[in-house]
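Structural overview for review
Spelled out from the first residue to the last, the chains are:
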Amino acid sequence: MGTMEGLDVTDCTRCPSLVECRSQIVNGVGPEDADVLFVGEAPGAREDDRGEPFVGRSGSVLDDRLRDKGLSRADVRITNCVRCRPPENRDPTKEELGNCREYLEREIDLVNPDVIVTLGKVPSQHLLDRDVAVTKEAGSIETVELGGTKRDVLVCLHPAATLYDRSQESTFESTLDKAATMAGANGGQSNLGDF
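Residues numbered from 1 in each chain as written. Predicted model: local features only at pLDDT ≥ 70, side-chain atom pairs only at ≥ 80, totals over all residues. Heavy atoms only, no water.

As for the overall build of the chain
For the chain, the count of helices and strands is 8 helices and 7 strands. Taken against the 2.2 N^0.38 rule, which gives 16 Å for 195 residues, the C-alpha radius of gyration of the chain at 16 Å falls within 12% of a compact globule. By its C-alpha atoms, the chain is 45 × 35 × 30 Å across when sized along the principal axes. Sorting the 195 residues of the chain into buried and exposed places 49% on the buried side. In the structure as shown, the chain presents an accessible area of about 9200 Å², 44% of it carried by carbon and sulfur atoms. Of the side-chain charges in the chain, 23 are positive and 36 negative, and the distance between the mean point of each set is 3 Å. (Helix = DSSP H or I, 4+ residues; strand = E, 2+ residues; numbered from the N terminus. Rg over C-alpha atoms; globule rule 2.2 N^0.38 Å. Buried < 20%, exposed > 50% of the residue type's maximum accessible area, 1.4 Å probe, protein only. Areas by Shrake-Rupley, 256 points an atom, 1.4 Å probe, with all protein chains shown as cover. Lys, Arg positive; Asp, Glu negative; His and termini not counted. Charge placed at Lys NZ, Arg CZ, Asp CG, Glu CD.)

Looking at the pattern of salt bridges
Using the criterion set out here, one finds 17 salt bridges in the structure. Linking E105 and R101 is a salt bridge whose minimum nitrogen-to-oxygen distance equals 2.8 Å. Of this pair, E105 and R101 both sit in helix α4 (residues 94-111), 4 residues apart, roughly one helical turn. Overlapping salt bridges bring together R65, D68, K69, E173 and D177 as one network. (Salt bridge = Lys/Arg side-chain N within 4 Å of Asp/Glu carboxyl O.)

Details of the nonpolar core
Of all hydrophobic cores here, the largest spans 47 residues; its most connected members are F38, L62, I116, V117, L119 and F172. Discounting chain neighbours no more than four positions away, the residues touching L119 are F38, V39, G40, F54, L62, C156, L157, H158, P159 and F172. (Core = buried A, V, L, I, M, F, W, Y, C linked by side-chain atoms within 4.5 Å. Contact = heavy atoms within 4.5 Å.)

What about helix α3 (residues 57-68)?
The terminal C-alpha atoms of α3, which comprises 12 residues, lie 17 Å apart, in line with the 16 Å expected from a rise of 1.5 Å per residue. Regarding α3, the residues found buried are S58, G59, V61, L62, R65 and L66. Each buried residue of α3 lies within a common arc of 160° when the element is viewed along its axis, so the set occupies one face. Residues of α3 that are exposed and point over 90 degrees away from its buried face: R57 and R67. (Expected span 1.5 Å × (residues − 1). Arc of directions from axis to C-beta.)

Encoded structure:
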């Protein structure tokens, strides 16, 4: 059905329509012991092509905002709820999210982050297991049990929201501020500077 070696899913055929559409499985990237784990929805065309999450326009927004907070992509881990690109960039179905849940929980377990930041509605609802009004709830923290361990989940807008609606930028940035603080990052200075 699916094999996971370490943090990477190396083979999976649980969702026939996604297997048909994907060119590769897109696994999470970043340190295996990151303090902050960003969780997006599913890979898009660029991610499917490159085999890395958040490499398109919204990835650039995320990278820029992380840099503003003294973090780089190398300091955080970024993954998705679903590791294969849904056709036509549609939202993943409940079944697809369920099929991939075990992989996500295993990744969360192995990384053991201080905070999980959900990027947008789908990952927020998936991990909090309820309806989430992301624009209203961005910046809020909820403790949930994932894979038998209590985890802090920080609701965040999807970076693309700031591209379509500039008024969302301050909410997005303040949420990232909160994530950086929770992870003990010091603004304007990459943690890697200490080594």
